[in-house]
Amino acid sequence: MTQLTKKDKNHILYENLGISPKVYVGLDKQITISKILKTICTILKVEQSKLFSGSRKFELVQARQVAFYMTRRYTSHSFAMIAKLYVKDNNTVFNHATIIHGIGHIKEIRETDPVFDRVCIMIEAILEDRVSLGQWKLIKDQELIVNNLTAHIEEQMSVINQIFEELGEDFI
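This structure is a prediction, so every number in the text was calculated from the model and none was measured.

Undergrad: Honestly, the packing of aromatic side chains in this entry has me stumped. Any pointers?
TA: Any aromatic ring pair is given by two values, namely how distant the centres are and how the planes are angled relative to each other. Under the definition given, this model contains four aromatic pairs. With centroids separated by 4.9 Å and ring planes inclined at 15°, the aromatic side chains of Phe52 and Tyr86 adopt a geometry described as stacked. With Phe52 in the loop between α3 (48-51) and α4 (58-74) and Tyr86 in the loop between α5 (79-85) and α6 (96-112), this residue pair connects regions lying 34 residues apart in the sequence. Its relative accessible area of 2% is what places Tyr86 among the buried residues. With a centroid separation of 5.7 Å and 50° between ring planes, the pair formed by Phe68 and Tyr86 is classed as tilted. Linking Phe68 in helix α4 with Tyr86 in the loop between α5 and α6, this pair joins segments that are 18 residues apart in sequence. Take Phe68 and Tyr86: they sit in the same class, and that class is buried. Joined through ring pairs, the aromatic side chains of Phe52, Phe68, Tyr86 and Phe94 make up one cluster. Against the face of Phe79 rests Arg72, its NZ or CZ located 4.0 Å from the ring centre.

Undergrad: Looking at this structure, how should I read the nonpolar core?
TA: The nonpolar side chains of a soluble globular protein tend to be buried with one another. Judged by nonpolar contacts, the single largest core of 31 residues is most densely connected at Ile40, Phe68, Met70 and Tyr86. It is α4 that provides the largest number of residues to this core, a total of eight residues. Each residue touching Tyr86, except ones within four places of it in the same chain, is listed here: Ile33, Ile36, Leu37, Phe52, Ala67, Phe68, Thr71, Val93 and Phe94.

Undergrad: What is the right way to look at unusual backbone geometry in this model?
TA: Trans is the prevailing form of peptide bonds, just as negative phi is the prevailing case for residues other than glycine. With phi around 55°, Lys45 is a residue other than glycine that occupies positive phi space. Note that Lys45 resides in the loop between α2 (33-44) and α3.

Undergrad: Help me out: how do you make sense of the packing of α4 against α6 in this one?
TA: Packed helices, taken two at a time, are described by the angle their axes make and the gap between the axes. Running from N to C, α4 and α6 cross one another at 95°; their axes reach a closest spacing of 8 Å. On the basis of the axis angle, α4 is roughly perpendicular to α6. Here α4 contributes Gln62, Gln65, Val66, Phe68, Tyr69, Arg72 and Arg73 to the contact with α6, which in turn contributes Thr98, Ile99, His101, Gly102, Ile103, His105, Ile106, Lys107, Ile109 and Arg110. Here the contact of α4 with α6 is composed, by residue class, of seven nonpolar, six polar and four charged.

Undergrad: In this structure, what is going on with a nonpolar patch on the surface? I would like to understand it.
TA: The grouping of Leu149, Ile153, Met157, Val159, Ile160, Ile163, Phe164 and Leu167 at the surface amounts to a nonpolar patch, some 710 Å² of accessible area in total. Along the chain, Leu149 turns up in helix α8 (residues 133-167).

Undergrad: Even after reading the chapter, I still don't get α2, so can you show me in this structure?
TA: Every α-helix carries 3.6 residues per turn, so stepping three or four residues along brings you back to the same face. Helix length check: α2, at 12 residues, gives a terminal C-alpha distance of 16 Å against a target of 16 Å (1.5 Å per residue), a fit within 8%. Restricting attention to buried positions, one finds in α2 the residues Ile36, Leu37, Thr39, Ile40, Cys41 and Ile43. Within two residues after α2, Lys45 carries a phi angle of roughly 55°, on the positive side.

Scoring rules and cut-offs
- Residues numbered from 1 in each chain as written.
- Predicted model: local features only at pLDDT ≥ 70, side-chain atom pairs only at ≥ 80, totals over all residues.
- Heavy atoms only, no water.
- Phe/Tyr/Trp six-rings, centres within 6.5 Å; stacked < 30°, edge-to-face > 60°.
- Helix = DSSP H or I, 4+ residues; strand = E, 2+ residues; numbered from the N terminus.
- Buried < 20%, exposed > 50% of the residue type's maximum accessible area, 1.4 Å probe, protein only.
- Lys NZ or Arg CZ within 6 Å of the ring centre and 35° of its normal.
- Core = buried A, V, L, I, M, F, W, Y, C linked by side-chain atoms within 4.5 Å.
- Contact = heavy atoms within 4.5 Å.
- Axes fitted to C-alpha atoms, helices over the stretch in contact; angles between N-to-C directions.
- Parallel < 35°, antiparallel > 145°, perpendicular 65-115°, else oblique.
- Nonpolar A, V, L, I, M, F, W, Y, C, P; charged D, E, K, R; others polar.
- Patch = residues over 30% accessible without salt bridge, like charges linked within 9 Å, V, L, I, M, F, W, Y side chains within 5 Å.
- Areas by Shrake-Rupley, 256 points an atom, 1.4 Å probe, with all protein chains shown as cover.
- Salt bridge = Lys/Arg side-chain N within 4 Å of Asp/Glu carboxyl O.
- Expected span 1.5 Å × (residues − 1).

Set out below in structure tokens:
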């Protein structure tokens, strides 16, 4: 049996989500910092005003790190420039080492957590204009329906199995 590469898995994921698997080269369109922040805040359900509040809550730290990662990926800014672009609420800037750490952390999580990787793929698809935020919300609604149906089916199967256990071997 052949082992699928990450690229193959992403291709399959793109197809399942109805996203064009084209590679974004970044030559025809400029992705702005504001688009990056808006997309991340919408997808990760974080208020943009709280994103750089200095809070160390997990969801805010992770959203900041995703912002660093996407900024580095979609702009030509250096680590030091990214650190200057994102200013904390108390008007202090991040250190370039914080940016490097955050980007490295997101890379590690993407390699080990397929759900988080899928979220990042969706953010990238929106940034690259392969999917709109409206389409993403529709996909999320469809996933919720599928998850609810799956839970209902599992519940029904549990009831059926319980009935078979009560009837015993004589019934089978």
